[in-house]
Amino acid sequence: MSTLNEAPGLARGIASARVEGAIERARDGAGSLARLSVTDRLIHLAKLREVILARHEEILDAICTETRKARSDVLMSEVFGALDAIGWLEKNAGDALADEKIPTPLTLMGKKSRVYYEPLGVMLVISPWNYPFYQAVVPIAFALAAGNAVVYKPSEWTPLPGLIEELLEAADVAPNWVQIVQGGGQVGADLLAQGPDKVMFTGSTRTGKAIMAAAAEMLIPVELELGGKDPMIVFNDVNVVRTAAGAAFGALTAGGQSCTSVERLYVQSGIHDELVDELVRQVRTMTPADGPNGELAPMITPFQTAIVADHLTDALERGARLLTGQEWDRVSDTIPPLVVVDVPADCKLATEETFGPVVPVLRFETEAEVIAAANASSYGLTASVWSADDARADRVARALRCGGVSINNVMATEATAGLPFGGVGESGMGRYKGVAGLRSFCNAKSVIIDSDGTKLEANWFPYDAKKYGLFVKMMQAWFTDSPVKVAKFGVLGTRLEGYTQKLASRRRGR
């Protein structure tokens, strides 16, 4: 693993935090952070945006050294993506976190209903190895905007030691507002055992289940962004060249090592062969991830290379055909694009998350057939639907069981900071980003505001038979359809309130 000092121009920032007592230190920091207004918190995020923008080339050096991904890929997906998310927070967090006015029902006339969006306290954020910068900066920024302190544990495979610390320090983020703790899975388990107020984990489904089980023992809420087996559904009426380009990008960006990569390419029979031919032509022109012009990234971890080899071997042994990448030895981490056709619907390549530069192509005939096939997966992260028929594309998008759908585009919902991101099934639970995601970092506190005075509520004690009868009449008036229901309800309500005060006075002996 590289260290930050190996990246030109970047000096090591503040030291990584200790595991012991990390949550307690964060809790001390959370108090001062929560007392800041949203506007004051966003000042720190604006500084963070400025320092990332100013030093983007140095940051790219560090990320590319650790991940070996294509520089242009890292620039657009990690650095631009992080800046875009911070920019969204600067424009929208104030309104999203402001006290929300809620209409008060007529039965509670005279009172005010509000929702206060308050910090949860301490967020434990555990990120994956495939997008080590974006998956650090964006959850940290959302947590800070909401007023939470953060304990962040990066993957031990791509830790970017010192990088995030230095950027946060330059943004005047206090040390106990964000602590970064390096280490493997046991470190994450030790941090969870210290009792954060919420856990946000991005990574494998297997590890996500283990985190959820451990958190359940302490009733700690979890946000799980897990694996995917995302389908790309292509109908006969598309532009073949553009759609093939979308498939190539969706399946091969970051070497296919993205949770929202295209992992199943469903092509309607009428254009199946034409689209496959065009896809093969395009992927054969792609170049290795070397410098700003490179495209194809190698695998980041050896265990993922082994999974790709296993899935490919299983498919080929069961009758699938490999159209590109025949030269791969199934050992090297430099894997060429693998376009596979005649893929059995129940093989590993069609059912399990591969997380590599593979494009499994499956043929379909009808809309109903492809919807059923796409929804048969235990995963449900994102999907894409391609058709010139807008009504059909919308209809299919609504029928898919997943957290996000791009229509005539690919991986676009994940790239949109204003949209909530997350999945269903074994792809996880909860949402982050967008207004819904920002508020998921908050305690939504419901508040009713009434005036002081002598008036007793009609539903308070004491009770008697007459009061009961008035309640029944009022209920019947309110829930029966009638053009005069409001007037009738008002008259009965006034009678009930007056009688309540009289009954209470009698009870007090007046």
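Residues numbered from 1 in each chain as written. Predicted model: local features only at pLDDT ≥ 70, side-chain atom pairs only at ≥ 80, totals over all residues. Heavy atoms only, no water.

Trainee: Sorry, what's going on with the overall build of the chain here?
Mentor: Secondary structure assignment for the chain yields 17 helices and 16 strands. Overall, the C-alpha framework of the chain stretches about 95 × 55 × 40 Å when taken along its three principal axes. The contacts in the chain between residues at least 6 apart in sequence include a share of 72% that link residues at least 24 apart. Total accessible area on the chain is roughly 22,300 Å²; 56% of this is exposed by carbon and sulfur atoms. (Helix = DSSP H or I, 4+ residues; strand = E, 2+ residues; numbered from the N terminus. Contact = heavy atoms within 4.5 Å. Areas by Shrake-Rupley, 256 points an atom, 1.4 Å probe, with all protein chains shown as cover.)

Trainee: Explanation requested: the sheet that holds strand β16 (residues 442-449) in the structure shown.
Mentor: Strand pairing in a sheet relies on backbone hydrogen bonds, with the paired strands running either antiparallel or parallel. The antiparallel open sheet is built from three strands, whose spatial order is β1-β2-β16. This sheet does not close on itself; its edge strands, each paired only once, are β1 (100-102) and β16. On average, each strand axis in the sheet is tilted by 30 degrees relative to the strand beside it, whichever way the strands run. Inspection of the sheet shows β1 paired to strand β2 (residues 112-119) by three bridges, in the antiparallel sense. For Glu100, the partnering residue across the bridge sits in β2 and is Val115. (Pairing = 2+ DSSP bridges. Axes fitted to C-alpha atoms, helices over the stretch in contact; angles between N-to-C directions.)

Trainee: So what exactly am I meant to see when it comes to the confidence of the model for the chain here?
Mentor: Keep in mind that low pLDDT regions are not for reading the predicted coordinates in detail. Here the chain shows a mean pLDDT of 94. Residues at 70 or above account for 97%. For the stretch residues 1-14, pLDDT sits under 50, and the model shows 44 contacts to residues farther than four places along the chain or on other chains. (pLDDT = per-residue confidence, 0-100.)

Trainee: Would you mind going over helix α17 (residues 485-507) with me for this structure?
Mentor: An ideal rise of 1.5 Å per residue puts 33 Å on 23 residues; α17 measures up with 32 Å between its terminal C-alpha atoms. Those residues of α17 not exposed but buried are Phe489, Leu492, Gly493, Leu496, Tyr499, Thr500, Leu503 and Ala504. Looking at the packing, one finds that the buried side of α17 touches α16 (465-479). Looking one or two residues beyond α17, the residue adopting positive phi is Gly509, at roughly 85 degrees. (Expected span 1.5 Å × (residues − 1). Buried < 20%, exposed > 50% of the residue type's maximum accessible area, 1.4 Å probe, protein only.)

Trainee: I would appreciate a short explanation of a positive patch on the surface in the present structure.
Mentor: A cluster of basic residues, Lys466, Lys473, Lys488, Arg495, Lys502 and Arg506, forms a positive patch on the protein surface. Among the elements of the structure, α16 and α17 are those that each provide at least two residues to the positive patch. When residues in the positive patch are grouped by element, the largest group, four residues, is from α17. With respect to the secondary-structure elements, Lys473 resides in helix α16. (Patch = residues over 30% accessible without salt bridge, like charges linked within 9 Å, V, L, I, M, F, W, Y side chains within 5 Å. Salt bridge = Lys/Arg side-chain N within 4 Å of Asp/Glu carboxyl O. Lys, Arg positive; Asp, Glu negative; His and termini not counted. Charge placed at Lys NZ, Arg CZ, Asp CG, Glu CD.)

Trainee: Just to check I follow, could you spell out the sheet that holds strand β15 (residues 428-429) for this structure?
Mentor: Spatially, β5-β4-β3-β6-β7-β15 is the arrangement adopted by the six strands of the open sheet, whose pairing is mixed. Taken across any chain shown, the strands that pair with only one partner, and hence form the sheet edges, are β5 (178-180) and β15.

Trainee: I keep staring at the nonpolar core and nothing clicks. Help me out?
Mentor: One recurring pattern in soluble globular proteins is that nonpolar side chains are buried together. Counting residues in each nonpolar core, the largest one holds 62 residues, and the members touching the most others are Leu48, Ile52, Leu89, Phe133 and Leu438. Ranked by residues supplied to this core, first place goes to helix α4 (residues 71-97) with 11 residues. Sequence-distant contacts of Phe133, defined by excluding residues within four places in its chain, comprise Ile52, Ile59, Ile63, Glu78, Val79, Ala82, Leu160, Leu163, Ile164 and Leu167. One finds Ala315, Cys347, Leu349 and Leu400 within the second-largest nonpolar core, a separate group that totals 30 residues. (Core = buried A, V, L, I, M, F, W, Y, C linked by side-chain atoms within 4.5 Å.)

Trainee: In this structure, what is going on with the pairing of strand β11 (residues 338-341)? I would like to understand it.
Mentor: On any regular strand, side chains alternate: one points to one face of the sheet, the next to the other face. Judged by which residues are buried, β11 turns out to be covered on both faces: Leu338 and Val340 on one side and Val339 and Val341 on the other are all buried. For strand β10 (residues 321-322) and β11, the ladder comprises two bridges, and the chain directions are antiparallel. Within the sheet, the bridge partner assigned to Arg321 lies in β11 and is Val341. Strand direction decides the pairing type here: β11 and strand β12 (residues 358-364), joined by three bridges, are parallel.

Trainee: I would appreciate a short explanation of helix α6 (residues 163-170) in the present structure.
Mentor: Two residues of an α-helix separated by three or four positions point the same way, owing to the 3.6 residues in each turn. Within α6, six of the eight residues are buried, which leaves it mostly tucked inside the rest of the structure. Just beyond α6, the residue with positive phi is Asp172, at close to 60 degrees.

Trainee: For this particular structure, what's the right way to read the pattern of salt bridges?
Mentor: A side chain of one charge can pair with a side chain of the opposite charge when the charged atoms of the two come close. Taken as a whole and judged by the stated rule, the model has 26 salt bridges. Arg49 is paired through a salt bridge with Glu90; the nearest N and O atoms lie 2.5 Å apart. With a gap of 41 residues between them, Arg49 in helix α2 (residues 38-54) and Glu90 in helix α4 connect regions that are remote in the sequence. The partly exposed category is assigned to Arg49, whose relative accessible area is 26%. You can call Glu90 partly exposed: its relative accessible area is 25%. For Asp450, the salt bridge identified is with Lys111, shortest N-O distance 3.7 Å. With Asp450 in the loop between β16 and α16 and Lys111 in the loop between β1 and β2, this residue pair connects regions lying 339 residues apart in the sequence.

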